[in-house]
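# Survey of secondary and tertiary structure
These are the residues of each chain, in order.
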Amino acid sequence: MRHRHLSTLTLALGIAVLLDVLRVWLPSVITLFGRAAETPAELLGAFALGWFLLALAAPALVRRTGAAPVGLVAAVVLAAARLALTAQPGGPAQLWLACAGLLAGLVWLAATAASVPRPVAGLALGMAGNAVGHALLGTEDLVWRGGVLAWSLSALLVPAFLAASVAVRRERADTSAAGPSPTGAGHGTTGRRIRVPGRRAWLLCGPALLLAGQVALAPALWSAAAGTGSPAFPGLARPGSGALPGALAVLLFLAAALFRAPARVARVLWPLVLLAGSVLFVTGHLVPAYLLTAAGLGGCLALTDTTGDGPAAADDAAGPGDDGRAGARRGRAAALGMLVFAVATVAYYAAYDLGYPNGWAPVATAVLVALVAATAPVRATPASSGAASPGPVLPTTVRVTVLAGLTALAALGAALHVPPAPARATAAPAAVRVAAYNIRMGFGLDGRLDLDALARELRGADIVLLSEVDRGWWLNGGHDTLALLARRLEMPYVFAPAADPVWGDAVLSRFPARSGQTRRLTAHGAPTGAQALGVTLDLGDRELAVVATHLQPPPGRDPVEQAREVAEFAGRYAAGRPLVLGGDLNTEPADPAFAEFTGAGLVDALAPARPLRTSPADDPRTQIDHVFVSPGLTATEVRAPRTEASDHLPVTLTVTLP
C-alpha cells in the first residue's frame, strides 16, 4: 500500500477510536465531574476546556521530538484507554481513563497533522465509519455493552489502528533512510509568506467532528426524526421510517467529501447548504437538517482538500522533512480546531444551566466551517506550484466502493433497530401498573450507560412516564436512549421535546395510543425548557388520558407557574376521561406547586406511601417525583424501589380503574 493511502487508513481508524473515547468522556464530565448540575457550570466548563488547552502544547512537542515517535506513543495510550473503557469501570476510573484517552487522542491528531497534508479523505472516512458502526449497534456503543461482542469487535478495531500506526512509522523511517525528499523540504525559503498545505483542513477537524456528531452523522437523530409524528399526533414512533434518510445522509456526506465538485459552484453551494442545515436543526426540522448538514459538511471539507497553497507547495510532498514549520502549523491548526469543538460543545450545553439562548452555537460553528472552506485556495497543479502532484488520496474505484459499502451498512443499521410495533387492542383491564421515572439520559450514579438496569426497574409496568429522555444529545454520547429502552421493554413510545429537539419526556404503553398533544411550558426564568405531553390510550371499553411532564423551576423558586399550566392543560386534555399525570415535578408535597395539582381536583396517588423520597438515589431526602390521578381512580402497591440506575428513584403503583 502506498504511503499516502496507508496514512489515510490510519487516520480514519484513529478518528473512529477517538470518537469512541469522546462518547464516554463527554457524559463522564457531566455525570461524574459535574454530578448532574451539582458542580457549577463554570467549573465544569473549565475542567472540560482544560484538556483541550493542554493539547495546544502538542505541536511544540511534535516539532522538538518528531511526529513519528510522539504520534506512536499517543496512539498506544489512546488505544489502551479505549480498551480499558470497554471494561466499563464506572466512577472516577472511567472519568480519568476517558480524560487520558482524550488527551492522547488530541496529541495524536497534532502529530498526525504534522505529516499528513491531505487529511480530508481520512477524516471523512473516520467520521462516516464511526457513525455507521454506531448505527449498526443501535447507538449503544461497544464501550457501554461489555461482554463477548464488545471485546471481540474492540479487539479488531484497536489493534488494526495500532498496526496501521506502526506500519506508517516504518514506511516513513524507510523513506528517511533512502535520502531526502526529491522536492526538498522547502523550509529554507525566505523572504516570502509560506502557505501551508492542509492547514485549513486540519483546522476544520474539530468543528466537523462536532457538526457530524451533533447533526449530520448522528444515527440517534435519524431515529428521533423518524418519531416526530404529525401535528395531530406529535412524537409517535414510526417503525422503519428512519432507514432511508439515514443512509442518504452518509451517501451525501461521503459523495460531497470524496468527489470534488467544480470550484465555482462548490464555493457557493456547500457553505449555503451547511448553514441551512444548521439553522433547520435549531428550529427542530430534523430530517432536512441532518441531510443538508451532511452534504454541506462533506462539501466544505472537500473545498479544503488542497495539494498546495502557493509558492511553497513543495512542502506538500509530506516526506520526512515535513515535520518542521509546515507540520507544526498544521498541528497547531488541528489543536485549535479541537479547541473550537470544545468551546462550541460546552457553550451549547451550558445554556441549560446558565439560561442563555444556545441555538447560535451550532450555527456559529457552521459559519466558521463555511468561511474557512469558501476562502480556501484553488487546488494547485504541477504547473502552478512547480511540485509533483501527489494525485488523489484514494483511487476512484476505492472511493466508489467505500461510498457504496458504508451507505448500505448505514441503511442496514437504521433498519435493524426500529421501534416496537404499535400495541394492539386488548380486553379492558381492571387495573394498570404505572411507573414514573427520571432516567437521567440513561446514566447511573456510577456514570455508566446501563439501560438494562433501567429496564429491570420498569419491567412489568403497563404505562411508563419518563423524564430526562435523551434522543441524541452529543454531550451524552449521541445515544437514542428512548429507542434502546423501548426495545428492551418491548413497548411503543410517544416522545415530546422540551429543552431542544432531542431531549424531553416520553410515554411508553402496552395499550394502543390513539392521539396525542404537547404543550410547551413558559420558562418563567428557568434555564431549561419544559413541556407537557398528553397521550390518549385505548383500554378496550374506555380511554385513559396520560400526561407526562418534567417541571423546571427557576433558580431558588418553586415551579408554581408551570404547575398551574400543566394542571390546566391536563384538565382540558382529559375532558372528563380518567387521567394519570406524573413525572419529575421538582416540588415537595407541602409546596405551592404541589397544591396547584390538588387544587385542580387531582388526587395524590402516592399518598398511601408518604413520605416517599426519590432523590438523590443514593440517599433519598426529597419527594419530587409524583403521580396524580383523577377522582375515582384508586392507587395501591405504591413503591419507590432503591436503585442507582439514575440519580432519581422510580415510583411504581397499581391504578384501579372505575
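Our subject in this report is the structure included herewith. (Residues numbered from 1 in each chain as written. Predicted model: local features only at pLDDT ≥ 70, side-chain atom pairs only at ≥ 80, totals over all residues. Heavy atoms only, no water.)

### Some thoughts on the sheet that holds strand 3 (residues 431-438)
Worth spelling out the cut-off: For two strands to be treated as a pair, DSSP must find no fewer than two bridges joining them. Helix and strand assignments follow DSSP, with helices taken as H or I runs no shorter than four residues and strands as E runs no shorter than two, numbered in order from the N terminus. To define axes, lines are fitted to C-alpha atoms, for helices over the stretch in contact only, and angles between the resulting N-to-C directions are given on a 0 to 180 degree scale. We call two residues contacting when some pair of their heavy atoms lies within 4.5 Å.
Strand order in the open sheet formed by six strands is 5-6-4-3-14-13, and the pairing between neighbours is mixed. Of all the strands in the sheet, just strand 5 (493-500) and strand 13 (634-639) have a single pairing partner and so form its edges. Pairs of neighbouring strands in the sheet enclose a mean axial angle of 20 degrees, with direction left out of account. Sheet topology places strand 3 next to strand 14 (residues 651-656); six bridges connect them, and they run antiparallel. Bridge pairing links Ala431 to Thr656 in strand 14. Its contacts with the sheet put helix 19 (residues 451-458) on strand 3, strand 4 (463-470) and strand 14, and the angle it makes with strand 3 is roughly 145 degrees. Packed on one face of the sheet, helix 20 (residues 481-489) meets strand 4, strand 5 and strand 6 (503-509) and runs near 150 degrees to strand 4.

### Quick word on helix 13 (residues 263-282)
What counts here: Take the number of residues in a helix, subtract one, and multiply by 1.5 Å to get its expected span. The buried label applies to any residue whose accessible area, calculated with a 1.4 Å probe on protein chains only, is under 20% of its type's maximum; exposed applies above 50%, and partly exposed to all values in between. The reported arc concerns the directions from the helix axis to the C-beta atoms and nothing else.
Over its 20 residues, helix 13 extends 29 Å from the first C-alpha to the last, a length consistent with the 28 Å expected when each residue adds 1.5 Å. Among all positions of helix 13, only Ala266, Trp270, Pro271, Val273, Leu274, Gly277, Ser278 and Phe281 are buried. Buried residues of helix 13, seen end-on, are gathered within an arc of 160 degrees and therefore sit on one face of the element. The exposed set on the far side of helix 13, more than 90 degrees from its buried face, consists of Arg264 and Leu272. Two residues or fewer after helix 13 comes Gly284, characterised by a positive phi angle close to 90 degrees.

### What to know about the environment of Ala263
Among the secondary structure elements, Ala263 is positioned in helix 13. Considering only alpha carbons, one finds Ala263 and Val378, 115 residues apart in sequence, at a separation of 7.3 Å.

### What to know about the packing of helix 3 (residues 58-65) against helix 4 (residues 67-86)
The line we're drawing: Any angle that is under 35 degrees is reported as roughly parallel, and any over 145 degrees as roughly antiparallel; angles of 65 to 115 degrees are reported as roughly perpendicular and all others as oblique. Classification used: nonpolar for Ala, Val, Leu, Ile, Met, Phe, Trp, Tyr, Cys and Pro, charged for Asp, Glu, Lys and Arg, polar for all others including Gly.
Relative orientation of the contacting elements helix 3 and helix 4 amounts to 125 degrees, with a least axis distance of 7 Å. Classified by the angle between their axes, helix 3 and helix 4 sit oblique to one another. Mapping the contact onto sequence places Leu61, Val62 and Thr65 in helix 3 and Ala67, Pro69 and Val70 in helix 4. Taken together, the residues of the contact of helix 3 with helix 4 sort by class into five nonpolar, one polar and no charged.

### Points about the pattern of salt bridges
Defined as follows: A pair is scored as a salt bridge if a Lys or Arg side-chain nitrogen falls within 4 Å of a carboxyl oxygen belonging to Asp or Glu.
One pass over the full model with this rule turns up 17 salt bridges. The salt bridge involving Arg433 is made with Glu637; its shortest N-O contact spans 3.5 Å. Of this pair, Arg433 sits in strand 3 while Glu637 sits in strand 13; the two residues are 204 residues apart in sequence, bridging distant segments of the chain. Its relative accessible area of 52% is what places Glu637 among the exposed residues. A salt bridge links Glu561 to Arg557; the shortest N-O distance between them is 2.6 Å. Three or more residues are tied together by salt bridges with common partners; here these are Glu140, Asp452 and Arg488.

### A closer look at the sheet that holds strand 7 (residues 513-520)
Strands sit in the order 7-8-9-10-12-11 across an open sheet of six strands; the sheet is mixed. The outermost strands of the open sheet, each flanked by one partner alone, are strand 7 and strand 11 (603-604). In this structure, strand 8 (residues 531-538) lies alongside strand 9 (residues 543-550), joined through seven bridges in antiparallel fashion. Opposite Leu537, over in strand 9, you have Leu544 as the bridge partner. Here helix 21 (residues 560-574) sits on the sheet in contact with strand 7, strand 8, strand 9 and strand 10 (579-584), set at roughly 155 degrees to strand 7.

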